[in-house]
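Listed below are the residues making up each chain.
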Amino acid sequence: MTPDHHCTYLKGSLNKNMPEDFRKILEIGPAIKPMHHRSQDELRLEDGEAYQAVDKHPEVFDFPIWHEAKATYGDRVQTFHGDRAELAQIPDASIDELVALGTMGQPSETLVAFDRVLKSGGLLRFGTGGGYAETMMAEWGPELAALGYQPVDKTSYDYIPKADQKKFSYTVFLFQKP
């Protein structure tokens, strides 16, 4: 990691200096489109929300979208270099919403980590593009049901990864932890 990257290495840093009374959102692997289910052009937070992003590629945090997010929201936005395998650094039951758009992996391993950090009643939002939604739900659905998660919403929209790329359909699933 070079000094130019505007993020901190994950180890021991997550959830520190976050307002206690704020709703905490953690996004795994946001790249250059943070929480693109809300907006594909900028990070959008509601009043009372604090946001933390973890990406294994720290250079993504050098893109203008991240500078704008920090300028707009200040300390309510924090970025970290790491990946979902390092969620052990996050305290148990400390996250109100976990966003993993584009996160595939092995559902059993990934969901155990996600489940541990989510508060009771917390939201798990994950998604995929390019027509893989049914495949993803065939793999993740039984695992989520076994953990007691309840489906809340399913949304589809056109997604454009980068300005010079073609749009494609993207599906986001929202589940609530018991």
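Worth saying up front: this structure is predicted, and the values here are computed from it rather than measured.

The rules we used
Residues numbered from 1 in each chain as written. Predicted model: local features only at pLDDT ≥ 70, side-chain atom pairs only at ≥ 80, totals over all residues. Heavy atoms only, no water. Buried < 20%, exposed > 50% of the residue type's maximum accessible area, 1.4 Å probe, protein only. Helix = DSSP H or I, 4+ residues; strand = E, 2+ residues; numbered from the N terminus. Contact = heavy atoms within 4.5 Å. Phe/Tyr/Trp six-rings, centres within 6.5 Å; stacked < 30°, edge-to-face > 60°. Core = buried A, V, L, I, M, F, W, Y, C linked by side-chain atoms within 4.5 Å. Arc of directions from axis to C-beta. Salt bridge = Lys/Arg side-chain N within 4 Å of Asp/Glu carboxyl O.

K.L.:
Honestly, helix H2 (residues 107-117) in this entry has me stumped. Any pointers?
P.N.:
Every α-helix winds through 3.6 residues per turn, so residues three or four apart in the chain are directed the same way. Within H2, burial applies to Pro107, Thr110, Leu111, Ala113, Phe114, Asp115 and Val117. Where H2 is buried, its residues meet strand E2 (23-28), strand E5 (95-101), strand E6 (118-129) and helix H3 (133-146).

K.L.:
Would you take a moment to explain the packing of aromatic side chains for this structure?
P.N.:
Here a ring pair, both rings aromatic, is described through the centre-centre distance and the interplanar angle of the planes. Overall, the coordinates contain nine aromatic pairs when judged by the stated rule. Among the aromatic side chains, those forming a connected cluster through ring pairs are Phe126, Trp140, Phe173 and Phe175.

K.L.:
Whenever I open this one, the nonpolar core confuses me. Can you help?
P.N.:
Formed by 24 residues in total, the largest nonpolar core has its most connected members in Leu26, Leu98, Phe114, Leu124, Phe126 and Leu144. At the level of secondary structure, the elements contributing two or more residues to this core comprise E2, E5, H2, E6, H3 and strand E8 (168-176). Tallying contributions element by element places H3 first for this core, with five residues. Every residue in contact with Leu98, bar those within four places of it in the chain, is listed here: Leu26, Ile28, Phe114, Val117, Leu118, Leu123, Leu124 and Arg125. If you look at the next biggest cluster of nonpolar residues, it comprises 20 residues, including Ile25, Val60, Phe61 and Tyr170.

K.L.:
What am I meant to see in helix H1 (residues 64-73) here?
P.N.:
Every buried residue of H1 is accounted for by Ile65, Trp66, Ala69 and Tyr73. Along the axis of H1, the buried residues cluster in a sector spanning 95°; they form a single face. In the core, the buried residues of H1 are packed alongside strand E3 (49-55) and strand E4 (77-81). Within two residues after H1, Gly74 carries a phi angle of roughly 60°, on the positive side.

K.L.:
Whenever I open this one, the pattern of salt bridges confuses me. Can you help?
P.N.:
Oppositely charged side chains can form a pair if their charged atoms are brought close together. All chains considered together, the criterion is met by 10 salt bridges. Here Glu97 ties to Arg23 by a salt bridge, and the two come within 2.6 Å at their closest N and O atoms. Placement of Glu97 in strand E5 and of Arg23 in strand E2 is noted, with a sequence separation of 74 residues between them. The exposure class assigned to Glu97 is buried, which follows from its relative accessible area of 2%. Owing to a relative accessible area of 27%, Arg23 belongs among the partly exposed residues under this scheme. Put simply, Asp158 and Lys167 hold a salt bridge, and the shortest N to O gap is 3.5 Å.

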